[in-house]
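Structure at a glance
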Amino acid sequence: SGRGGGRGGRGASRSSDVAQVKRRPRQFSDAQRASIDALQALADARAAPLCVLVKGKANLFLDGAPIVYGGAVASVIGNPQLADPVIVVDHANAVVGWGTYNPHSMYRVRVLEMAWEVSLARNPSDVTKTAVRCDVGEVIKRRVRKAFQMRKDVFPDWFEKNDSDNVNTTTYRLFNAEGDRLSGACCDVYEDRRTNVAFAVLSSSSAWTQKYQKEMIEALGSEANVDVVVWRVDEKMLKLETGAAEWVAEKRRGDDTEAEEEEDDDDDDEEEEEGSDEDVAMDDDEEEDDDSESDDDDDDDADSDSESDDDSGPVDEKRAAAIAAALAKSGANIDSDEEEDPAEDMDDEAMFSIDALLGQAFKSRRNDIKRKKSMVRATRDFKFRVLALLELYARAQPASPWLPGAALPLLGAMQTALAAGTPQASALAERIGGVLTKHVCHARDVPTRAGIEPVTVETVAASLSSSIRAASRPSGGGDTKGFAKPATAVSLYLLRVLEALEARAREAKGAGGERETEPAASKAAVAAYVSALKEFKANKRCRLKGPFFQAAFDRHPSLAAALLPELAAAASANADKPGARGEFVRAEGLKLLAAALALGRRRSPAVAASAKKHKKALASAIVEAIGAPCRNRGARGETAKLALQCLEAMGRLEPEGTPLSATADADAALAAVTTQFKVPGMPPKGVAALTRVCTLLGKVAPEATPAEEPEEPRGVAGKKKKGGDRAGGASEGKNKRGDKGASAKKKSKAGGDAETPSKGEKRKAPTSGVGEDGKPWKKKQRKGKAQREAERERKKAAAAANE
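Calculation criteria
Residues numbered from 1 in each chain as written. Predicted model: local features only at pLDDT ≥ 70, side-chain atom pairs only at ≥ 80, totals over all residues. Heavy atoms only, no water. Helix = DSSP H or I, 4+ residues; strand = E, 2+ residues; numbered from the N terminus. Buried < 20%, exposed > 50% of the residue type's maximum accessible area, 1.4 Å probe, protein only. Contact = heavy atoms within 4.5 Å. Core = buried A, V, L, I, M, F, W, Y, C linked by side-chain atoms within 4.5 Å. Pairing = 2+ DSSP bridges. Axes fitted to C-alpha atoms, helices over the stretch in contact; angles between N-to-C directions. Expected span 1.5 Å × (residues − 1). Patch = residues over 30% accessible without salt bridge, like charges linked within 9 Å, V, L, I, M, F, W, Y side chains within 5 Å. Areas by Shrake-Rupley, 256 points an atom, 1.4 Å probe, with all protein chains shown as cover. Salt bridge = Lys/Arg side-chain N within 4 Å of Asp/Glu carboxyl O.

**A few points about the overall build of the protein**
Helix and strand counts for the protein stand at 28 helices and twelve strands. Scored against the burial criterion, the 803 residues of the protein give a buried share of 38%. Contacts in the protein between residues far apart in sequence, at least 24 positions, make up 68% of those at least 6 positions apart.

Written as structure tokens, this is what we have:
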């Protein structure tokens, strides 16, 4: 399959009558694939700015569209300036091609080469090594050469040199913008047969042709045999392209032409003067462009604006001294204590000199600001390159002893980037998170040189505690949800390394002995997670969630066995105080306790042994959670359901035939259930769960108090009363009609028709599906599943008590 063969393109018909045509996969040669791979490596290393396309737009440009519009651009990575080369990639970071970038125009990127057309430069010392050549000048030469050769092959008579002006034409279009893949430039050639001089008139309507004007003129001379180039500028189009106030059309001609030799010296002098004036104008325009570009960069470099603000920045003593020296040089007395204005004693010449010196001082300040911004951009690009190298290193060396030490600094760097809150910092944080979760923490091998620096039990334990602390209290703002997954991955990776280190240490001490079926949990890991559970239980601002602990329990059951007492404390937290925080902590504690107990004896004998050791404390905590006050109706039902799961898991850990009442206090559990059922509004699933708890403990569950109906507001009762009179009259009429219907039924029964079921008999569905009243027959509504189950358990408990 070829590049981009699986994606859908634009314009596909949605009608079911039209057969869908499957896109054929693109086929590439080995040389083209080498070009694609080289450009892809350049994009992955962030060695050049990237223009990321919107999802679904890539096929449009892979099929040959030469211009990327602004609506097709999802984002730009890096900080490309006007007419700088950028690499165009799709939403999945697969390269499409490269071209010149324009942040001001709706023509955002003018594509110069597709990915498979990129030329490669061979290393003379090693022919196996190649480098990508994204050279705009070389592309211009190839495009001009191809356009000239095509016209020469199609119309060979045009280019024959003879003396007859009537046979051969002397005028033709050399290249035509996008038609010859030179977007924004058209060129016509006019040849003078008397002097054999070829003139080219090039019309420029794009910013990139203005930037590469010199390369364009050189290509016309070397590849199309053009002697003189007349450069014309479409000023209206260039204003839209660059946002500049004015553009000056500049004419450039080739050297050593007969036309220049025939011109007079005076004309040459005039042209030189005009050229110098035009050069000055162009310089002014370039300064304006630089100013506009620096203003546009403010949005991209928001993270550096706070550092470079003129009003809030610290006073530069050197610059202030330069301004003071400029005023002193002009004769102004700025140190005088008098209230007189020093400018009153200055003449025009002194004022002009002050303006010039102050302009130089403020210009240096502006250059410093630009330098700071460029340093920020360079630092950010350098960080992306370092991450790419680290990713390659983690792939090649998964057992490196340096990876555990790199996990925590990367997590801190991600936290700092998220706290910045800028789009560029968010992209950096996303990249760091991907490297952590997919490469650094995904390594399956245990680091080599275990027990030796930098991989020791002490260093890894300290890193684990720091990672858990960072996950519980992320500093600053930013996307804390995006930080949770990498923080969990780092903690699990360090926990696995720590467990492996301590297991090796135990094996080294007990060499020749039997190997442990389930190694005990690391003391340092237990201490770290105990402090995390206490933080989770006591601190309202703790960002740890249940999945953080559950992932550790699934991978390390021995850790869950060691933390059972702490989980019991979390399940009964604030059981005597009503509050939303207590309800949440108890529900999360019961959920984690149920997950730990569900590991069972087969998977984790350590969990079974720990549950047997602390069964009284666990059962007491579960009973306290059942009887704890809970205002939220949904939380009441969920707590009851989780408590039932915990008790059932404890029962499965006991020997077969052992009643649950031998583990939990049945009377205390019945009292807790009674307390809950006295409060109205228990959900049906909560009623069923607590009834099941009483059954498991050999007790009869009491009746649950139904939910209270809300009081009717004043005025509504009166309206209902008035309506009730009317309803009463209507009911009387119905009763009268009912009497008539009853008599009719009696007559039909006497006549031998089908018997009508009495009130106590079961209602049967008619065979025709239509009731006696002629309407479709409907089955009577039954009780809900939870209500039926609760009633069934109540009957079983009553029967067992009577026996």
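**Structural notes on the nonpolar core**
Grouped together as the largest cluster of nonpolar side chains are 103 residues, with contacts concentrated most on Tyr529, Phe549 and Leu597. Looking at which element gives the most residues to this core, the answer is helix α15 (residues 480-509), with eleven residues. With near-sequence residues (within four places) excluded, tyrosine 529 lies in contact with Ile468, Ser491, Leu495, Phe548, Phe549, Ala552, Leu559 and Leu563. Counting residues in each nonpolar core, the second largest holds 59 residues, with Ala43, Trp116, Ala185 and Ala219 among its members.

**Topic: the sheet that holds strand β5 (residues 95-101)**
Pairing in this open sheet of six strands is mixed, and the strands run β2-β6-β5-β4-β1-β3 from one edge to the other. Both outer strands of the open sheet, β2 (67-69) and β3 (73-77), are each paired with one neighbouring strand and no more. Across this sheet, the average inter-strand angle for adjacent strands is 35 degrees, counted without regard to direction. The pairing of strand β4 (residues 85-89) with β5 spans five bridges and is classified as antiparallel. Paired with proline 85 across the bridge in β5 is threonine 100. Its contacts with the sheet put helix α1 (residues 30-44) on β1 (50-53), β4 and β5, and the angle it makes with β5 is roughly 65 degrees.

**A few points about helix α23 (residues 615-627)**
In an α-helix, one turn spans 3.6 residues; hence positions three or four apart end up facing the same way. In this model α23 runs 19 Å from its N-terminal to its C-terminal C-alpha over 13 residues, within 8% of the 18 Å that 1.5 Å per residue would give. Considering only its buried residues, α23 is in contact with α19 (564-571), α20 (580-597), α22 (605-613), α24 (633-653), α25 (666-678) and α26 (684-696).

**Examining a nonpolar patch on the surface**
A cluster of nonpolar side chains, Met150, Val154 and Phe155, forms an exposed patch at the surface whose accessible area comes to about 280 Å². Here phenylalanine 155 shows up in the loop between α3 (136-154) and β9 (171-176).

**Thoughts on the pattern of salt bridges**
Inspection of the entire model under this criterion finds 17 salt bridges. Glutamate 223 is the partner of arginine 145 in a salt bridge, and the nearest nitrogen-oxygen pair spans 2.9 Å. Here glutamate 223 lies in helix α5 (residues 213-223) and arginine 145 lies in helix α3, a separation of 78 residues in the sequence. Taking the relative accessible area as the measure of exposure, glutamate 223 reaches 18% and is therefore buried. Several salt bridges share partner residues, and in doing so they unite Glu391, Arg395 and Arg431 into one network.

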